[in-house]
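One-letter residues, chain by chain:
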Amino acid sequence: MRKLLFVFIFTLAAVSVNTAQQPQKLNSAEIHEAIKKLNFLGSVLYVAAHPDDENTRLISYMANQVKARTAYLSLTRGDGGQNLIGPEIRELLGVIRTQELLAARRTDGGEQLFTRANDFGYSKHPDETLAIWDKKEVLSDVIWAIRKFQPDVIINRFNHRTPGSTHGHHTSSAMLSVEAFDMVADKNIYPEQLKYVNTWQPKRLFFNTSWWFYGSRENFEKADKSNFLNFDIGVYYPTIGLSNTEIASLSRSQHKSQGFGSTGTRGKQTEYIELIKGDLPTDKTNIFEGIDTSWNRIKGGKAIGDILYTVENNFDFSAPSTSIPQLVKAYQLIQQLDDQHWKNIKTKEIKNIIAASMGLYIEAVTTDANTTANSDITINIEAINRGNTPIVLKSIEVSSLGISENKSINLDPNIKKTYKLTGKTPPNAAYTSPYWLKEKGTLGMYKVDDRQLIGTPETKRETTAIFDVEIEGILISYEKNIVYKTNDPVKGEVYKPFEIIPEISVGLADKVIIFADGTPKQIPVRLTSGNNIVSGSVSLEIPTGWKVTPKTSTFNLKQKGEEEIVFFTVTPPNNQNEGYIHPIATINKKEYTNEVITIDYNHVPFQTVVLPSQAKVVRLDIQKKGQNIGYIEGAGDIVPESLQQIGYKVTTIPPESISEEVLKSFDAIVVGIRAYNTVEELKFKQQYLLNYVENGGNLIIQYNTSHRLKVTDNLGPYPIKLSRDRVTDENASITLLAKDHPILNSPNKITNKDFEGWVQERGLYFPNEWSDEYTPIISAKDKGETEKKGALLVSKYGKGYYVYTGLSFFREFPAGVSGAYRLFANMLSLGK
């Protein structure tokens, strides 16, 4: 996805379904704003830890009002968060949230940067965070980002002086930024970076403070603000009819996987930043005071400024092309600059302004959404000059496909030129996939060996077309990603990125396969052809002690995209055991072990992820009572599928159909994660659920947050209050408080061994207050904290049982944690 550095907020349309990947087509007002931005030579870097941490109000203000080049450095991609829109978690959620950040930046006009840090989940202290992240490497990435972006000003979202008061990732982001500020100018620190970038020293470092950090608005009013700058970020932009805060809300609302839809506001609103390092401006509203942000900033810039300030002041909105001669002259002078940093930035900006002012439209579209290595490919070229400026299309080159066409064709006004080009992908063409997922990393860090890739938001497309056009006698090159375009009867024109995929994809439907006993299971392997006429054999690699039949099977796929499912019968060992299975396809003696995963949501571009195909197999020592389970879906998890794996019959119950008649047929009802935060209907149906318990049913409610809770008065049959209590150490010691309670004894005897091998955390958002009718079953704590006893609460109510749990079953089930399955089976068996 190509990022236009000059984008103001005119790409608001890009947030809709069918324009998420469309080329930008600027109108006159947008072109003029782009020229204003072209004439501002100053940069701001905003620093925080996760997607959705950023203050979109301030980013939009800096990008659109100040006209500064503004970027958000998110240390992580948000892999450890929850997903309110689908089942993807961990790495695949990180892919979604990366694209949500890019959608947010397209909306508010900023750019997006990252480090290699992996969001491993909630952390209570920066000491833990920096130990897991590998502080030296993440600090290196922060310094790399600063040296590469060269910000004049850095703004931290969080306070570096209060470790332990908030998420450890949050404080760590600020601490690393403060440390990096003093190190980036030292050539002896991370000297290997200087092969690609220069040292740099930002002028100022700020903390984006607010009343929230002071505990109340009253405390903030009393605070000494002598070291603060302030901005009215409610400013109105008449060219687009929106206030800055409305833009910020639209940007914030791109974080859909986190449920961060935001309502726009209007009117004066003050934002504060506190000086941490550097000199304090005398004008408390001018973050760039003392910094030359004009073209005079760089050697040779004055002559460029003399041209471009005139273009800005005399811009003809009815005929933008009248500025082309001056813009081309400025372009020529920019090519002569010694300052490579600003030369590169301003070259990209002015080239796009020239194209937009002329009405030049060029695109390269494939006839297929994807292809494989060493394959023929057809590209349809469209080029049109919709203005009156004479343009000559000199050449088209797609070097990765061996295409080089000399044209020297006049693009006459408003006459579309189309060409069909053919090429071939190289035999060693790399698969299209997020670069940070191509090698296995650690719990806290992604592994990226290519220094130039570190920090970039996504993998650079290998297949691009270079168009050389002559304007005013000057040759200007435009690079366009090759894309796939189709027409959807509902959405209209839809663009997708063009992908390189394996010749065959080998996928396993379930990433965790649970064997509740020694009964063999049929394991389907889905084979998907990336090309026409693909045949070979497929086998299933299994752990020691397991058995599989047949040893191999053959396949013959005749058409691209055709699928075939091959079944293998896997028999587990007699005793509890676990391991991994790997499907392997062989074509002409070459092995293929990857699966092609696609992510397709309306608000972000279509994503293709190529990952090693594997599934965890677990032979459980587990007993069950009860069979029919009703499941009320919440924010998205795979708990129903996991329960089906161990032999339960699970029926999804639509919230609107909840009634006493429907509920009474189930042995237990399970409510999905955050259902009481996301399902409005539940506040009208809660009494039916409690009546079900009173009449002898078994109700299990998984975690919710106290924020935006739909049901507040009768979440349980007796008083219960949710909190922010959580235990983030997945290895935290567990104390069994109610050793004789049925939930720890029947039908499976639960011991501390069942809490071994848990992932990411023990649980979250535990209740911290409850009435005596509830029995706390277990307790746990993080280092240096008090015991948290609200992770699993059980109450007898009438003839049935009510269970509330903040334990992270939604994370443990996908990881195949044996003890989590055994404990949940006991929860479902209560009263049987």
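From a predicted model like this one, the values you see are computed outputs, not experimental measurements.

1. Remarks on the overall build of the protein
Here is step 1: A tally of helices and strands in the protein yields 17 helices and 43 strands.
Here is step 2: Rg of the C-alpha trace for the protein: 29 Å, near the compact-globule value of 28 Å for 832 residues, within the 12% margin.
Here is step 3: In terms of overall dimensions, the protein has a C-alpha envelope of 85 × 75 × 55 Å along the principal axes.
Here is step 4: Out of the 832 residues belonging to the protein, those deemed buried represent 58%.
Here is step 5: Relative to all contacts within the protein whose residues are 6 or more apart in sequence, the contacts with residues 24 or more apart total 74%.
Here is step 6: Within the structure as shown, the protein displays about 33500 Å² of accessible surface, and the carbon and sulfur contribution to it stands at 47%.
Here is step 7: Within the protein, the 95 negative side-chain charges are centred at a point lying 1 Å from the centre of the 95 positive side-chain charges.

2. Considerations on the sheet that holds strand S4 (residues 153-156)
Here is step 1: Within the open sheet, the seven strands sit side by side as S3-S2-S1-S4-S5-S9-S6. Their pairing is mixed. Each edge of the open sheet carries a strand with a single partner, namely strand S3 (111-114) and strand S6 (228-232). Neighbouring strand axes in the sheet, compared pairwise and without regard to direction, differ in orientation by 30 degrees on average.
Here is step 2: Bridging between strand S5 (residues 204-207) and strand S9 (residues 270-277) involves three bridges; their strand directions are antiparallel. When the sheet's bridge partners are listed, phenylalanine 207 is paired in S9 with glutamate 274.

3. Re the pattern of salt bridges
Here is step 1: Using the criterion set out here, one finds 41 salt bridges in the structure.
Here is step 2: A salt bridge links glutamate 769 to lysine 721, with the nearest nitrogen and oxygen atoms 4.0 Å apart. With glutamate 769 in strand S39 (residues 763-770) and lysine 721 in strand S37 (residues 720-727), this residue pair connects regions lying 48 residues apart in the sequence.
Here is step 3: Through salt bridges with shared partners, one network takes in Lys124, Asp782, Glu785 and Lys788.

4. Some words on the nonpolar core
Here is step 1: If you look at the biggest cluster of nonpolar residues, it comprises 54 residues, and the most contacted ones within it are Trp295, Ile350, Ile354, Leu360 and Ile379.
Here is step 2: Residues in contact with tryptophan 295, not counting those within four places in the same chain, are Leu38, Asn39, Leu41, Gly301, Lys302, Ile304, Gly305, Leu308, Tyr309, Ile334, Leu337 and Lys346.
Here is step 3: In this structure, Ile629, Leu744, Val817 and Leu828 belong to the second largest nonpolar core, which totals 47 residues.

5. Remarks on the packing of helix H1 (residues 28-38) against helix H11 (residues 340-358)
Here is step 1: One way to put it is that H1 packs onto H11 with a least axis distance of 10 Å and a crossing angle of 160 degrees. With respect to their mutual orientation, H1 and H11 come out roughly antiparallel. Two packed elements cross with a definite hand, and for H1 against H11 that hand is left-handed. Contact residues: Ile31, Ala34, Ile35, Lys37 and Leu38 in H1; Lys346, Glu349, Ile350, Ile353, Ala356 and Ser357 in H11.
Here is step 2: Across the contact of H1 with H11, the residue classes tally to seven nonpolar, one polar and three charged.

6. Description of the side chain of serine 140
Here is step 1: Of note, serine 140 is situated in helix H5 (residues 135-149).
Here is step 2: The contacts of serine 140, once residues within four sequence positions are left out, are Tyr190, Gln193 and Arg451.

7. Remarks on unusual backbone geometry
Here is step 1: Of the consecutive residues threonine 549 and proline 550, the connecting peptide bond is found in the cis state with omega at -5 degrees.
Here is step 2: You can see proline 550 is positioned in the loop between strand S25 (547-549) and strand S26 (552-557).
Here is step 3: Of note, the bond from serine 746 into proline 747 is cis; its omega dihedral lies within 30 degrees of zero at 0 degrees.
Here is step 4: Mapped onto the secondary structure, proline 747 falls in the loop between strand S38 (734-736) and S39.
Here is step 5: Not every positive phi belongs to a glycine, and serine 408 is a case in point at roughly 50 degrees.
Here is step 6: Mapping serine 408 onto the fold places it in strand S14 (residues 403-410).
Here is step 7: Look at serine 408 and you get partly exposed, because its relative accessible area is 46%.
Here is step 8: For asparagine 414, which is not glycine, the phi torsion reads 60 degrees and is therefore positive.
Here is step 9: For asparagine 414, the position within the fold is in the loop between S14 and strand S15 (417-424).
Here is step 10: Judged by relative accessible area, which is 53%, asparagine 414 ranks as exposed.

8. Considering the environment of tyrosine 309
Here is step 1: Summarising the element assignment, tyrosine 309 is placed in helix H9 (residues 301-313).
Here is step 2: You can call tyrosine 309 partly exposed: its relative accessible area is 28%.
Here is step 3: Sequence separation between tyrosine 309 and serine 294 is 15 residues; the distance between their C-alpha atoms is 9.8 Å.
Here is step 4: The contacts of tyrosine 309, once residues within four sequence positions are left out, are Asn39, Ser294 and Trp295.
Here is step 5: At 3.1 Å, the side chain of tyrosine 309 and the backbone nitrogen of tryptophan 295 are in polar contact.

Thresholds applied
Residues numbered from 1 in each chain as written. Predicted model: local features only at pLDDT ≥ 70, side-chain atom pairs only at ≥ 80, totals over all residues. Heavy atoms only, no water. Helix = DSSP H or I, 4+ residues; strand = E, 2+ residues; numbered from the N terminus. Rg over C-alpha atoms; globule rule 2.2 N^0.38 Å. Buried < 20%, exposed > 50% of the residue type's maximum accessible area, 1.4 Å probe, protein only. Contact = heavy atoms within 4.5 Å. Areas by Shrake-Rupley, 256 points an atom, 1.4 Å probe, with all protein chains shown as cover. Lys, Arg positive; Asp, Glu negative; His and termini not counted. Charge placed at Lys NZ, Arg CZ, Asp CG, Glu CD. Pairing = 2+ DSSP bridges. Axes fitted to C-alpha atoms, helices over the stretch in contact; angles between N-to-C directions. Salt bridge = Lys/Arg side-chain N within 4 Å of Asp/Glu carboxyl O. Core = buried A, V, L, I, M, F, W, Y, C linked by side-chain atoms within 4.5 Å. Parallel < 35°, antiparallel > 145°, perpendicular 65-115°, else oblique. Left-handed = near helix turned anticlockwise from the far one by under 90°. Nonpolar A, V, L, I, M, F, W, Y, C, P; charged D, E, K, R; others polar. Polar contact = N/O pair within 3.5 Å; in protein donor to acceptor, adjacent residues only side chain to side chain.

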